[in-house]
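Reading the structure
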Amino acid sequence: MAHLRSLADTGGVDGVAQHRVVAHRRVRAVYPGSFDPFTAGHLNVVDRARHLFDEVVVLVAVNGAKHPRADAEERAAAVRAVLPADWTTVTVVAWSGLTAAWCRHHEVGVIVRGVRNTSDLQTESRLAAMNQSLGVPTVFLPAHPDLAAVSSTAARSRGA
């Protein structure tokens with residue numbers, strides 16, 4: 001569903017502002033990850049993404065290289081449990097497969113990824129290039145400075 005927005009143009013006839021109506025296409029974003037566990041850093045990325053996009057889907061992914069403590073559905077339920085109830089434009093879905101395939105199937109226009117440091121940026125840039133080649137661009141959100149040291153690996157080692 002397109003939203004309509006009125007924009008005032010300066011100039012116009014005899015200095016009278018003219019208005020034009022432009023369509024605003026809803027932009028849906030997906031924030032994929034294994035989220036084992038979902039950390040304060042993840043929550044911060046979702047919070048910032050929901051202010052940038054019309055809808056954000058937290059995609060709890062299955063990654064064959066990782067061995068999470070819970071299955072994807074249990075991790076998705078854990079993410080849902082920590083999202084504030086008033087974040088009505090945020091949904092959570094479990095998925096096993098390529099993120100870009102999910103995006104194309106569900107008409108999601110962009111992937112959101114949080115980056116904590118240059119190592120993350122290098123890794124995420126390679127994934128972004130692959131996803132771009134599959135037709136889905138990636139937007140990087142830098143970690144909030146107070147949360148840059150937070151990782152799921154560190155949280156697991158602390159027993160979170």
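Note that this is a predicted model, so its numbers are computed, not measured. Throughout this description, residue numbers start from 1 for each chain and increase along the sequence as written. Side-chain atom pairs in this predicted model are given and counted only at pLDDT of 80 or more, local residue features only at pLDDT of at least 70, and totals for whole chains, interfaces and linings cover all residues. The basis for the side-chain values is all heavy atoms of the structure; hydrogens and waters are excluded.

**Topic: the nonpolar core**
Selection rule: We define a nonpolar core as any set of buried Ala, Val, Leu, Ile, Met, Phe, Trp, Tyr and Cys residues linked to one another through side-chain atoms lying within 4.5 Å. Burial here depends on accessible area, computed with a 1.4 Å probe over protein chains only, as a share of the maximum for the residue type. Under 20% is buried, over 50% is exposed, and the range in between is partly exposed. Helical segments are the DSSP runs of H or I of at least four residues, strand segments are the runs of E of at least two, and each set is numbered from the N terminus. Any two residues whose heavy atoms approach within 4.5 Å are treated as being in contact.
By size, the foremost hydrophobic cluster in this structure holds 22 residues, and its most contacted members are Val46, Val58, Val79 and Val112. Mapped by element, the contributors of at least two residues to this core are β3 (28–33), α1 (40–52), β4 (55–61), α2 (72–82), β5 (90–95) and β6 (110–115). Those residues in contact with Val58 that lie beyond four places of it in its chain are Tyr31, Phe35, Phe38, Val46, Val79, Val90, Thr91, Val92 and Val93. Of all hydrophobic cores here, the second largest spans nine residues; its members include Val57, Trp102, Val108 and Val136.

**Some remarks on the sheet that holds strand β7 (residues 138–142)**
Formally: Each pair of strands is called paired provided DSSP finds at least two bridges between the two strands. Under this scheme, a helix contributes an axis fitted over its contacting stretch, all axes are lines through C-alpha atoms, and angles between N-to-C directions fall in the 0 to 180 degree range.
Across the sheet, five strands lie side by side as β5-β4-β3-β6-β7; this open sheet has parallel pairing. Looking along the sheet, the strands with just one partner apiece sit at the ends: β5 and β7. With direction set aside, neighbouring strand axes in the sheet form an average angle of 30 degrees. Here β6 runs beside β7; their pairing, made up of five bridges, is parallel. What sits directly across from Arg113, in β7, is Phe140.

**Points about the packing of aromatic side chains**
Going by this rule: We call Phe, Tyr and Trp rings a pair once their centres come within 6.5 Å, taking the six-membered ring for Trp, and we label the pair stacked below 30 degrees between planes, edge-to-face above 60, and tilted otherwise.
This structure, assessed with the given rule, holds two aromatic pairs. Ring centres 5.3 Å apart and planes at 65 degrees place the aromatic pair Phe35 and Phe38 in the edge-to-face group. Judged by its relative accessible area of 4%, Phe35 is buried. The buried category is assigned to Phe38, whose relative accessible area is 15%.

**Considerations on the side chain of Thr99**
Examined against the element boundaries, Thr99 turns out to sit in helix α3 (residues 99–105). When its relative accessible area of 15% is taken as the criterion, Thr99 is described as buried. If sequence neighbours within four positions are ignored, Thr99 has contacts with Val30, Pro32, Leu59 and Ile111.

**Here's the deal with unusual backbone geometry**
The linkage connecting Asp36 with the following residue, Pro37, adopts the cis geometry, with an omega of 0 degrees. Inspection of the secondary structure assignment puts Pro37 in the loop between β3 and α1. A positive phi angle, near 50 degrees, is found at Phe35, a position not held by glycine. Despite not being glycine, Glu107 shows a phi value in the positive range, around 55 degrees. One can find Glu107 in the loop between α3 and β6.

**As for the pattern of salt bridges**
Operational definition: What makes a salt bridge here is a side-chain nitrogen of Lys or Arg within 4 Å of a carboxyl oxygen of Asp or Glu, nothing more.
Evaluated as defined, the whole model comprises five salt bridges. The closest approach of N and O atoms between Glu55 and Arg28, which form a salt bridge, is 3.0 Å. Of this pair, Glu55 sits in strand β4 while Arg28 is found in strand β3, placing the two residues 27 residues apart along the sequence. Overall, Glu55 belongs to the buried group, its relative accessible area being 19%. In this structure Arg28 comes out as partly exposed when scored by relative accessible area, which is 22%. The shortest N-O distance in the salt bridge between Asp36 and Arg69 comes to 3.7 Å. Here Asp36, found in the loop between β3 and α1, pairs with Arg69, found in the loop between β4 and α2; they are 33 residues apart in sequence, far enough to count as distant. Looking at Arg69, the relative accessible area reads 51%, which means it is exposed.

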